Amino acid sequence: MTTTADRVEREVHQLDRVTIRFAGDSGDGMQLTGTQFTRTAAVFGNDISTFPDYPAEIRAPAGSLPGVSGFQISFSASDIHTPGDAPDVLVAMNPAALKTNVGELPAGGAVIVNSDAFTPQNLNKAAYAANPLTDGSLKQYTVFEVPISTLNARSLDGLDMTSKQVDLTKNFFALGLMFWLYERSMDPTLRWIDEKFGGRAVVAEANRRALKAGYAYGETTEMFHTTYRVPKAKLAPGTYRNITGNEATALGFLTASKLAGRPLFYGSYPITPASDILHQLSAYKSFGVRSFQAEDEIAAMGATIGAAYGGALALTGTSGPGLALKSEAMGLAVMTELPMVIVNVQRAGPSTGMPTKVEQADLFQVMYGRNGESPMPVLAPATPGECFSLAIEASRIALKYMTPVTYLSDAFVANGAEPWKVPSLDELPDISVANAVRGEGTFLPYSRDPQTLARPWAVPGTAGLEHRIGGLEKADGLGNVSYDPENHHRMSLLRAEKVARIANDIPPLEVFGAERGDLLIIGWGSTFGVLRSAAERLVADGRSVAHVHLRYLNPFPANTGEVLSRYRTVLVPEINLGQLAFMLRGTYLVDAIRYNRMRGKPFRISEIVDEAMRLLEATPR
Amino acid sequence: MTAETTQPIAPLALTRKDFVSDQEVRWCPGCGDYSILAQTQKVMPDFGVPRENIVFISGIGCSGRLPYYMNTFGFHSIHGRAPTLATGLKLARPELMVWVITGDGDALSIGGNHFLHTMRRNVDFTMVMHNNRIYGLTKGQTSPTSEFGKRTKSTPMGSVDRPIMPLTIALAAEATFVARTVDTHTEHLQATLEAGGRHRGASYIEVLQNCNIFNDGAWRDFTDRDVRDDRMLLLEHGKPMVFGKARDRGIRLRGLHPEAVTIGEGGVTEADLLVHDAHAEDPYLALILSRMFWPDFPVPVGVLRDVDRPTHSDLVESQIAAAIEKSGEGDLATVLLAGETWTVE
């Protein structure tokens, strides 16, 4: 911490919220730097929201524009929903990082650059004709030029390391400087260094020295006249941890298997941005998790069906291109009415698209991307933390209704992090269901529960229940192959009705803002934070605006049509070209207005506010 | 693994009839599949496994119907994917006896990838591949085992694709049990099914099967009763490779190449012949046998390879057991609180 003498010289500004973006080469460790800052802010008690934004290439050429990796964190003294529209501070480790990020920095923002990296060669790689640090092009910002590489190397003097190894620690110098600037303790990161590099004394020492040198630089140099203080946020009482969406997804399904009393099966093929779920579940062997890296997406889906047939809580995970390959087998899951969850962590498409970037354009794919009438429930988590509860909910629906369920995450919610209140296990629902057992008379594998229309789960090994199922149409009740025309019509209706009835078993839409009025903003998935923040601003401004968020996209909550009817204008912002809007129009005959941007990035709060204002003004009362 | 899994194994007195389902068998009259079904039903009681613990999983094609006719658990899945369902099922329920029923198109064409990978993983199931060298259900197109130049509806001027040898592929894919048999050789078929069913691990059985509608006489040149002794080589572990009506012909190795010889000619004695070793850990002999085919050689039938390796689910279960032994059964509350936590009052 700063000394008393320093405090006299320096101002401390108290702020409600700060957004920092760390940007550097993909080899510069920006994701780690951001994660460390996040943990520290979270442990301190701020509300946080993060946005890692990294290239798909493992290592694009060093110093190049495509190789820039960024991590944005917003930390706050009050409840926040997004990682911020724009950073207040940009930490740029090289010219390419400056060039790709500075455009989003508002005038008056602060830029901290590693001035050592602004060599003619690097400037050339970033396609800068002149050095931006000297040509006046940054004059609207407060620029701090710090020779990070040189200072860091000096602090590591005497350690038995190559200059390349030394250079790899400069991100911790930058981190230390930011810790000082925002009055953060270095302790969580120092503990992390001990845990991570405990066995490698030199590396641990180097990282410790780099971190402390950055901190000390802030403290001793005359460059910074102000430090900033963001007090703790008022969060609900409880025990918290920091969690990403993919982590919460894995933990949610692990918990669901416990709540269901069935071991978890996870069959998957590696694909960005879903692979983390495979990695995490593979580490839970002591829970009896059977994780399976399949030879391809189709095999992962087939194995998931096999595991569901065998009585496990069966799960597969992928992203859009993988889901395309799974489609035929997903149809088999619908036809055989077996319970399982299919996770799709959406990314920008079509085809390979932009694998690390966010998009919501797979809604039609999961709704309609199979042959025949193939209804499947669809759920979408709104926030990283909610991935946990929605994983349990997806499992509950799958088991209770004997149906495959799609869980539609995306790259933003999957990689983003926020503080998560750890639930106590006794507050979670019992989602267990019984296997079918031998009864009187002929066993009917396609008989149905009168309320849920679920068929019996007759797992192999149950004497007296030997039966045959498959992808061919089934005779109602008996389950034998049937080409009877009326039977096919009846079975098609039954499959649809079974999914439709779930609407009575899920929470109704909750309205934020005006109960009725001028404008309803309705969205789904990871746009929640931005849309809610926009609605908060509009409501605070006295506008007749409301926001509702769909976590269930098939079936829609029972009150959806009624809620839509209470507003003069309905705005549907989506990171696609209007898929939910199309479904709402088709389902409720509502004149839903679309707002669509496909940039591989989350919306900005300001653009939603602007669009809402435009609509409010265009349709006077 | 689920709450109520298998019943205790009581002494079983099941017969073939117990394995016949109530479904009417619907293959073309004269199809080789009838024989495969009959021998499968016949051999089932010998395993002493309760019906409810047996699962037949099939893909698409004429062979795909077989599970409907077995009074066990059955799953008629989609084209080529039966091995994937079997993999998931065995991971969830290692104690079940699983049979995968497939065809040359199902296993080698659309499902080729799963064929390779389930074999290399040694998933504990028995795959019975009905090989009729044609697409039957779709009414007569060329298959991965059809002869080069074969004229079919989809190849009116002859197929330009070379056929593949299923046994070679199974061996290359590290299958631990590889065998070939013939639909009409019922005793041999039954014995091969029994050996495959008893093997722990991935068993692959190629059944040379006739499609009397779209590819009649597919294997006739060497399987017909009057020629088969001279044109097929019956493999028996530990025995010299002798064939021929008069038991006077044999296979010996010349350099890297097998050679059909006549005992007594040119000084050849039985001692010069290859002795079959189905249990050899290395695959060389089995690979040589897998490449031998009529008319260059008598066609080997029987078990080419039968070796012991831990099965896929053995390995998975042992990792789970090791993880529990090391750190105890997973505790959910601990995992939920993993990493750095903080408390808000």
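Please read these numbers as outputs of a predicted model, since none were measured by experiment.

## Describing the overall build of chain A
1) Next: In terms of helices and strands, chain A carries 21 helices and 23 strands.
2) Next: Its C-alpha radius of gyration of 27 Å places chain A within 12% of the 25 Å reference for a compact globule of 621 residues.
3) Next: Along the longest, intermediate and shortest principal axes, the C-alpha atoms of chain A span 90 × 65 × 45 Å.
4) Next: The 621 residues of chain A split such that 55% are buried.
5) Next: Counted over contacts in chain A with a minimum sequence separation of 6, partners at least 24 positions apart contribute 76%.

## Observations regarding the overall build of chain B
1) Next: From N to C terminus, chain B includes 11 helices and 12 strands.
2) Next: With the C-alpha coordinates of chain B rotated into their principal frame, the extents come out at 95 × 50 × 45 Å.
3) Next: Each of the 345 residues in chain B was classed as buried or not, and the buried ones make up 46%.
4) Next: Pairs at least 24 residues apart make up 65% of the contacts formed inside chain B by residues separated by at least 6 positions.

## Looking at the domain arrangement of chain B
All names here are of chain B.
1) Next: In terms of domains, chain B is made up of domain 1 (16-238 + 276-329) and domain 2 (240-274).
2) Next: Using C-alpha coordinates to define each centre, domain 1 is positioned 29 Å away from domain 2.
3) Next: Across the contact, 10 residues belong to domain 1 and eight residues belong to domain 2.
4) Next: At the level of secondary structure, the elements contributing two or more residues to the side of domain 1 that touches domain 2 comprise helix 8 (228-231) and strand 7 (232-234).

## Remarks on the domain arrangement of chain A
Size of an interface, as often reported, equals the accessible area lost when the parts are brought together.
Residue and element names in this part refer to chain A.
1) Next: According to the domain assignment, chain A contains domain 1 (4-229), domain 2 (241-421), domain 3 (435-505) and domain 4 (512-618).
2) Next: When each unit is reduced to the centre of its C-alpha atoms, the spacing between domain 1 and domain 2 is 35 Å.
3) Next: Contact with domain 1, which involves 13 residues of that partner, is made by 10 residues of domain 2.
4) Next: Elements represented by at least two residues in the side of domain 1 that touches domain 2 include exactly helix 2 (30-44) and strand 3 (47-53).
5) Next: For the side of domain 1 that touches domain 2, the per-class residue count stands at eight nonpolar, three polar and two charged.

## Quick look at the environment of A:Ala329
1) Next: Among the secondary structure elements, A:Ala329 is positioned in helix 13 (residues 320-336).
2) Next: For the pair formed by A:Ala329 and A:Ile298, sequence separation is 31 residues and the distance between their alpha carbons is 7.1 Å.
3) Next: Apart from residues no more than four positions distant in its own chain, A:Ala329 is found in contact with A:Ile298, A:Met301, A:Gly302, A:Ile305, B:Ile78 and B:Arg81.

## Quick notes on the interface of chain B and chain A
1) Next: Contacts between the two partners involve 57 residues from chain B, matched on the other side by 59 residues from chain A.
2) Next: Taken together, the elements giving at least two residues each to the side of chain B that touches chain A come down to strand 2 (73-76), helix 2 (82-92), helix 4 (112-121), helix 10 (312-327), helix 11 (332-336) and strand 12 (341-344) of chain B.
3) Next: Among the elements that take part in the side of chain B that touches chain A, helix 2 of chain B stands out by supplying eight residues, more than any other.
4) Next: Pairing of strand 9 (residues 238-244) of chain A with strand 12 of chain B involves four bridges; the strand directions are antiparallel. Bridged to A:Tyr240 within strand 12 of chain B is B:Trp342.

## As for the sheet that holds strand 22 (residues 567-574) of chain A
Residues and elements named next belong to chain A.
1) Next: With respect to topology, five strands assemble into an open sheet ordered 18-20-19-22-23, the strand pairing being mixed. In this open sheet, the two edge strands, each paired with only one partner strand, are strand 18 (512-513) and strand 23 (593-596).
2) Next: Bridge analysis of strand 22 against strand 23 gives four bridges, and the strand direction is parallel. Bridge pairing in strand 23 places valine 572 opposite arginine 594.
3) Next: In the packing of helix 18 (residues 528-540) onto the sheet, contacts are made with strand 18, strand 19 (517-524), strand 20 (545-550) and strand 22, and the angle to strand 20 comes to roughly 165°.
4) Next: Contacts from helix 20 (residues 579-588) reach strand 19, strand 22 and strand 23, with the element oriented near 145° to strand 22.

## Topic: the confidence of the model for chain B
All names here are of chain B.
1) Next: Per-residue pLDDT for chain B has a mean of 95; in total, 97% of the residues score no lower than 70.
2) Next: Segment residues 1-6 is flagged for pLDDT under 50; beyond a separation of four residues in sequence, or across chains, it makes 16 contacts in the model.
3) Next: Among the scores for the predicted complex, ipTM is 0.96 and pTM is 0.93.

## What about the pairing of strand 2 (residues 17-25) of chain A?
Residues and elements named next belong to chain A.
1) Next: Counting buried residues in strand 2 gives eight out of nine residues, a clear majority hidden from the surface.
2) Next: Here strand 2 pairs with strand 5 (residues 89-92) via four bridges, running parallel. Considered in strand 5, the bridge of alanine 23 is made with alanine 92.

## Some details on unusual backbone geometry
1) Next: In this chain, A:Gly349 is followed by A:Pro350 through a cis amide linkage whose omega measures 0°.
2) Next: Along the chain, the position of A:Pro350 falls in the loop between strand 13 (340-346) and helix 14 (363-368).
3) Next: For the peptide bond that leads from B:Trp294 to B:Pro295, omega is 10°, which places it in the cis range.
4) Next: Relative to the elements of secondary structure, B:Pro295 occurs in the loop between helix 9 (284-291) and strand 11 (299-306).
5) Next: If you check the backbone angles, A:Ser351 has positive phi at about 55° while not being a glycine.

## Observations regarding the sheet that holds strand 11 of chain B
Hydrogen bonds between backbone atoms are what pair the strands of a sheet, whose relative direction is either parallel or antiparallel.
1) Next: Overall, mixed pairing links the nine strands, which are arranged 17(A)-2(B)-1(B)-3(B)-4(B)-6(B)-5(B)-11(B)-7(B) in an open sheet. Two strands lie at the open edges of the sheet, namely strand 17 (468-470) of chain A together with strand 7 of chain B, each paired on one side alone. If you compare each strand with its neighbour and ignore which way they point, the axes differ by 20° on average.
2) Next: When strand 4 (residues 126-131) of chain B meets strand 6 (residues 203-208) of chain B, the two strands line up parallel, connected through six bridges. Each residue of the ladder has a partner; that of B:Thr126, found in strand 6 of chain B, is B:Ser203.
3) Next: Against the sheet, helix 6 (residues 186-198) of chain B makes contact with strand 4, strand 5 (177-182), strand 6 and strand 11 of chain B, and its axis sits at roughly 165° relative to strand 5 of chain B, the strand it touches most.

## Quick notes on the packing of helix 8 (residues 187-197) of chain A against helix 9 (residues 201-220) of chain A
Think of two packed helices as two axes; the pair is described by the angle between the axes and how far apart they sit.
Residues and elements named next belong to chain A.
1) Next: The N-to-C vectors of helix 8 and helix 9 enclose an angle of 165°; their axes lie 9 Å apart at closest approach. The angle between the axes of helix 8 and helix 9 places the two elements in the roughly antiparallel class. Classified by chirality, the crossing of helix 9 by helix 8 is right-handed. In this structure, helix 8 uses Thr189, Leu190, Ile193, Asp194 and Phe197 to contact helix 9, whose residues at the interface are Val203, Ala204, Asn207, Arg208 and Leu211.
2) Next: Looking at the contact of helix 8 with helix 9 residue by residue, the classes come out as six nonpolar, two polar and two charged.

## Thoughts on helix 1 (residues 33-43) of chain B
1) Next: Considered for burial, the residues of helix 1 of chain B that qualify are B:Asp33, B:Ile36, B:Leu37, B:Gln39, B:Thr40, B:Gln41 and B:Val43.
2) Next: Where helix 1 of chain B is buried, its residues contact strand 4, helix 6 and strand 6 of chain B.

## Points about the packing of helix 10 (residues 245-260) of chain A against helix 11 (residues 275-282) of chain A
All names here are of chain A.
1) Next: At a minimum axis separation of 9 Å, helix 10 and helix 11 run at an interaxial angle of 45°. The angle between helix 10 and helix 11 falls in the class oblique. Note on packing geometry: the crossing formed by helix 10 with helix 11 is right-handed. The segment helix 10 lies against helix 11, with Asn246, Glu247, Thr249, Ala250 and Leu254 engaging Asp276, Ile277, Gln280 and Leu281.
2) Next: In the contact of helix 10 with helix 11, the residues fall into four nonpolar, three polar and two charged.

## Here's the deal with helix 2 of chain B
1) Next: Burial of helix 2 of chain B is extensive: 11 of the 11 residues sit out of reach of the surface.
2) Next: Considered for burial, the residues of helix 2 of chain B that qualify are B:Ala82, B:Pro83, B:Thr84, B:Leu85, B:Ala86, B:Thr87, B:Gly88, B:Leu89, B:Lys90, B:Leu91 and B:Ala92.

## Brief notes about the environment of B:Gly140
Residue and element names in this part refer to chain B.
1) Next: Along the chain, the position of glycine 140 falls in the loop between strand 4 and helix 5 (166-172).
2) Next: Residue class for glycine 140 comes out partly exposed when judged on the 16 C-beta atoms lying within 10 Å of it.
3) Next: Here the alpha-carbon distance between glycine 140 and isoleucine 213, two residues 73 residues apart in the chain, equals 8.7 Å.
4) Next: With residues near it in sequence (within four places) discarded, glycine 140 still touches Ile134, Tyr135, Thr152, Lys153 and Phe214.

## Focus: the confidence of the model for chain A
In regions of low pLDDT, the predicted coordinates are not meant to be interpreted in detail.
1) Next: Across chain A, pLDDT averages 95, with 98% of residues at or above 70.
2) Next: Considering only residues more than four positions removed or in separate chains, one finds that residues 1-8 of chain A, a stretch of pLDDT under 50, has three contacts.

The rules behind the values
Residues numbered from 1 in each chain as written. Chains lettered and ligands numbered in written order. Predicted model: local features only at pLDDT ≥ 70, side-chain atom pairs only at ≥ 80, totals over all residues. Helix = DSSP H or I, 4+ residues; strand = E, 2+ residues; numbered from the N terminus. Rg over C-alpha atoms; globule rule 2.2 N^0.38 Å. Buried ≥ 20, exposed ≤ 12 C-beta atoms within 10 Å, placed from the backbone. Contact = placed C-beta atoms within 7 Å. Domains from an automatic or database assignment. Nonpolar A, V, L, I, M, F, W, Y, C, P; charged D, E, K, R; others polar. Pairing = 2+ DSSP bridges. Axes fitted to C-alpha atoms, helices over the stretch in contact; angles between N-to-C directions. pLDDT = per-residue confidence, 0-100. Parallel < 35°, antiparallel > 145°, perpendicular 65-115°, else oblique. Left-handed = near helix turned anticlockwise from the far one by under 90°.

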